[in-house]
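Below, each chain spelled out in residue letters.
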Amino acid sequence: MSSGADAASVRVALPSAFSAGDLAPPPFQSPRLALEQWQSARGPSGELAWSCAGGDASSWSADATELANGKLAELASGTAARLRNHPTPMHVVATTEAGRERTLEGEGALARTFVAFTPGRAHGCFVVCASDSGACREAVRTAHLEGELVAPPPPGWALRALAFAVHHPDGALAAVLALVLAGAALAVLTRPKPKSAFRG
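Residues numbered from 1 in each chain as written. Predicted model: local features only at pLDDT ≥ 70, side-chain atom pairs only at ≥ 80, totals over all residues. Heavy atoms only, no water.

(A) Summary view of helix 2 (residues 134-141). Every buried residue belonging to helix 2 is among Cys 136, Arg 137, Ala 139 and Val 140, and all of these are buried. The buried residues of helix 2 occupy an angular sector of 150° when projected down its axis, which confines them to one face. Close packing links the buried residues of helix 2 with strand 4 (46-56), strand 6 (101-106), strand 7 (109-118) and strand 8 (121-130). For helix 2, the capping residue at the N-terminal end is Ser 133, with a side-chain oxygen 3.2 Å from the backbone nitrogen of Ala 135. (Buried < 20%, exposed > 50% of the residue type's maximum accessible area, 1.4 Å probe, protein only. Helix = DSSP H or I, 4+ residues; strand = E, 2+ residues; numbered from the N terminus. Arc of directions from axis to C-beta. Contact = heavy atoms within 4.5 Å. Polar contact = N/O pair within 3.5 Å; in protein donor to acceptor, adjacent residues only side chain to side chain.)

Written out as structure tokens, the structure is:
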């Protein structure tokens, strides 16, 4: 697992009588992601698991945040299913931090997901409780991120242009045509004049 100043982690206050669990982390198939944290715990009132993964943030955008939220929801739901030994679909019940933090709920499970940033890196984290116990759920509600957290990076001009083209295709086409016409006009105005074949 990756760790260090550029990593993020979830801090969870365990309920009394909870101890470290042995749930294995889910497989990470993307070479662009590094598993930074994986922990689980169990007690008489339920089971908990929490995790963070991180990657380069240089190509981040608002669309990437939505994709990350979707993947984190899948991981939280899948982890709850593994803890409960039963399929556990979950749905979003609350969103904060401009959509970067979400609370999800399902039958016998509660989870929170986080999209956060440290200098140069993006992180996706979650914490899930597989129980209806108040103590287990309170551990999810009070969990928080730790690390050298910073504001989301602004997208580069290429990503902004791509996002504009995706969300405003008509406007993007008009902009492209305007650039083509402007380039053609500039080429006409700046082309060298032909030399006259006659000399005075």
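(B) Structural context of the packing of aromatic side chains. According to the stated counting rule, one finds two aromatic pairs in the structure shown. Ring centres of Trp 38 and Phe 126 lie 6.4 Å apart, and the angle between their planes is 65°; on these two criteria the pair is classed as edge-to-face. Placement of the pair is Trp 38 in strand 3 (residues 34-43) and Phe 126 in strand 8, with a sequence separation of 88 residues. Geometrically, the ring pair formed by Trp 60 and Phe 117 is edge-to-face, given 5.4 Å between the ring centres and 80° between the ring planes. (Phe/Tyr/Trp six-rings, centres within 6.5 Å; stacked < 30°, edge-to-face > 60°.)

(C) Examining unusual backbone geometry more closely. Not every positive phi belongs to a glycine, and Asn 85 is a case in point at roughly 55°. Examined against the element boundaries, Asn 85 turns out to sit in the loop between helix 1 (62-84) and strand 5 (90-96). Under the relative-accessibility criterion, Asn 85 is labelled exposed at 70%.

(D) Broad picture of the nonpolar core. By size, the foremost hydrophobic cluster in this structure holds 23 residues, and its most contacted members are Trp 60, Phe 126 and Val 128. Counting only elements with at least two residues in this core, the list comes to strand 3, helix 1, strand 7 and strand 8. Considering each element in turn, this core owes the most residues, seven residues, to helix 1. Dropping the residues within four chain positions of it, Val 128 is found in contact with Glu 47, Leu 48, Ala 49, Ala 76, Thr 79, Ala 80, Leu 83, Leu 110, Ala 111 and Val 140. (Core = buried A, V, L, I, M, F, W, Y, C linked by side-chain atoms within 4.5 Å.)

(E) Local environment of the state of the cysteines. Evaluated as defined, the whole model comprises two disulfides. Here Cys 52 engages in a disulfide with Cys 125; their sulfurs sit 1.9 Å apart. One quick way to see it: the torsion about the S-S bond of Cys 52 and Cys 125 is about 110°, and its sign makes the bridge right-handed. Residue Cys 52 is located in strand 4, and its partner Cys 125 is located in strand 8; the two are separated by 73 residues in the primary sequence. Residue classification places Cys 125 among the buried positions, given a relative accessible area of 0%. Put simply, Cys 129 and Cys 136 are joined by a disulfide, and their sulfur atoms are 2.1 Å apart. Between Cys 129 and Cys 136, the disulfide has an S-S torsion of 135° and is therefore right-handed. (Disulfide = S-S within 2.5 Å.)

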